[in-house]
Amino acid sequence: GANIDYATGASLFLRRDAFLSVNGFDERSFMYFEEPDLCHRLREAGCRIAAFPADAVMHIAGGSFRQGFDPSRAAMFVSGLRAFVSRRYRGLYRYLLLAEISVLAPLYRLLRRLI
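Just so it is clear, the model here is predicted, and its values are computed rather than measured. (Residues numbered from 1 in each chain as written. Predicted model: local features only at pLDDT ≥ 70, side-chain atom pairs only at ≥ 80, totals over all residues. Heavy atoms only, no water.)

> What am I meant to see in the packing of aromatic side chains here?
Within a pair of aromatic rings, the relevant descriptors are the distance that separates the centres and the angle that separates the planes. Counted according to the given criterion, the structure contains six aromatic pairs. Judged by centre distance (5.2 Å) and plane angle (50°), the ring pair of Phe 33 and Phe 77 falls under tilted. Of the two residues, Phe 33 sits in the loop between helix H1 (16-21) and helix H2 (34-44) while Phe 77 sits in helix H3 (residues 71-88), which places them 44 residues apart along the sequence. Accessibility expressed as a relative area gives 18% for Phe 33, which makes it buried. In this structure an aromatic cluster arises from ring pairing among Tyr 32, Phe 33, Phe 77, Phe 84, Tyr 89 and Tyr 93. Sitting above the plane of the Tyr 95 ring, Arg 94 keeps its charged end 5.6 Å from the centroid. (Phe/Tyr/Trp six-rings, centres within 6.5 Å; stacked < 30°, edge-to-face > 60°. Helix = DSSP H or I, 4+ residues; strand = E, 2+ residues; numbered from the N terminus. Buried < 20%, exposed > 50% of the residue type's maximum accessible area, 1.4 Å probe, protein only. Lys NZ or Arg CZ within 6 Å of the ring centre and 35° of its normal.)

On their own, these measurements won't tell you what the molecule is for.
Here's what the structure looks like:
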């Protein structure tokens, strides 16, 4: 299969020993960015993340929240993104990404209220 950065949890198949070798999902990530974080740690441990042709897997996005803009979902997304960036990046790049999130997240919430 083709190498990919990560797979969503709805279509993620992995060996139990690989999952346990990286201590599974990080409990600090509840709803967003848990799969990219897990896959990043698996790649660091020498595992390959790949996509294989198969029957379709349907993930009904947003099933945990009401449809449309949901402030609590947006807050969870931003919190997950901050945690992911804080754990995965270092140096100036990390601080630039966190600054960008700090500026764009409130702007996005403001724009959603006006639209």
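Now that the structure has been shown, the text picks up again.
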